[in-house]
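Inside the fold
Now for the letters of each chain:
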Amino acid sequence: MGLMMVLQGCNSDKDILVNINTQFGTIKVLLYDETPLHKKNFIELVRTGKYDSTLWHRVMKGFMVQGGNINEKEGTQESLADRIPAEIMSDFMHTKGALAAARQPDRINPEKMSSASQFYIVHGKIFSIEELTIDQFALNQGLSELMKNPSYDTIAQQFINLQRENKIEEMNQLALRYVELVESVQGISLRKDMALDRLETYTTLGGAPHLDNEYTIFGRVVAGLDVVDQIASVSVGRANRPIEELFMTMEIEEVPKKEITEKYGYRYPKEL
């Protein structure tokens, strides 16, 4: 039996959709064949009911919704041996609806190994071209140096006023207004390149581009983005945890590949 048959548990003319059921409705996700370890693991956890009664435990509107902490439900702790080797594909983007594996940060996980169960779905935001083609870290550093000069106290006060109100997004937009000033005064270029297809996608569909090539994307939402929107809009408390508990259940649905393409617009890579 071939690898694809093992992973899918159905004939090669069919694929698996996972239905993530929530109080707001159902999110349907397709799992990618290009990330076989993650696909196999996710299917096994769904089939054995491990995800049922787990929580959406971290919600950040305009960024992502995270859930699937089986260890929290079972009162156990994930071991290093449980984690999944990274399957990061450079062609996959963190567009709205991308399904990806959560993981620990690089400082303690330099191999970028994925959590054995926790996942997130990108909610994201639509970016401007300037946000994607300006090195905002270097811009912020340049502005910090600039504002040490009393000549720019007026600019400094604008940022102080926004910071007092915790208006982070407004601060980012304000910084972009001073790109040419920073470049002129400091004699540097703050421009960076982004492939045209990514630029178009993130300025139309939106997403979280700073996560690209850092986390394993192993699927995508093919139906139920409105449900993701509703989860992303709930009230949260400390550590971005929803104030009211949001549970999920999951189930497997076997669907002909032709139907998936016709109904959801997903085109399978040509088999060799």
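Residues numbered from 1 in each chain as written. Predicted model: local features only at pLDDT ≥ 70, side-chain atom pairs only at ≥ 80, totals over all residues. Heavy atoms only, no water.

Another aspect to go through is the packing of helix α5 (residues 136-146) against helix α7 (residues 168-176). Remark: α5 packs on α7, axes separated minimally by 10 Å, with the N-to-C direction vectors making an angle of 80 degrees. Regarding the angle of α5 to α7, the classification is roughly perpendicular. Packed against α5, whose contacting residues are Gln136, Leu139, Asn140 and Leu143, the element α7 presents Asn172, Ala175 and Leu176 at the interface. Counted by class, the contact of α5 with α7 contains four nonpolar, three polar and no charged residues. (Axes fitted to C-alpha atoms, helices over the stretch in contact; angles between N-to-C directions. Helix = DSSP H or I, 4+ residues; strand = E, 2+ residues; numbered from the N terminus. Parallel < 35°, antiparallel > 145°, perpendicular 65-115°, else oblique. Contact = heavy atoms within 4.5 Å. Nonpolar A, V, L, I, M, F, W, Y, C, P; charged D, E, K, R; others polar.)

Here we take up α5. Here α5 has its buried residues at Leu139, Gly142, Leu143 and Leu146. Buried residues of α5, seen end-on, are gathered within an arc of 100 degrees and therefore sit on one face of the element. On the buried face of α5, the contacting elements are α6 (153-164), α7 and α8 (179-186). Looking at where α5 begins, the residue whose side-chain oxygen comes 3.2 Å from the main-chain nitrogen of Phe137 is Asp135. (Buried < 20%, exposed > 50% of the residue type's maximum accessible area, 1.4 Å probe, protein only. Arc of directions from axis to C-beta. Polar contact = N/O pair within 3.5 Å; in protein donor to acceptor, adjacent residues only side chain to side chain.)

Glancing now at the nonpolar core. In this structure, Ile20, Ile27, Trp56 and Phe119 are the most contacted members of the largest nonpolar core, which totals 28 residues. By size, the runner-up hydrophobic cluster in this structure holds 20 residues, among which are Leu17, Phe92, Tyr120 and Val122. (Core = buried A, V, L, I, M, F, W, Y, C linked by side-chain atoms within 4.5 Å.)

For the rest of this paragraph, the subject is the confidence of the model for the chain. Predicted coordinates in regions of low pLDDT should not be interpreted in detail. The predicted model of the chain averages 94 in pLDDT, with 95% of residues at 70 or higher. In the predicted structure, residues 1-9 sits below a pLDDT of 50 and forms 20 contacts with residues beyond four places in sequence or in another chain. (pLDDT = per-residue confidence, 0-100.)

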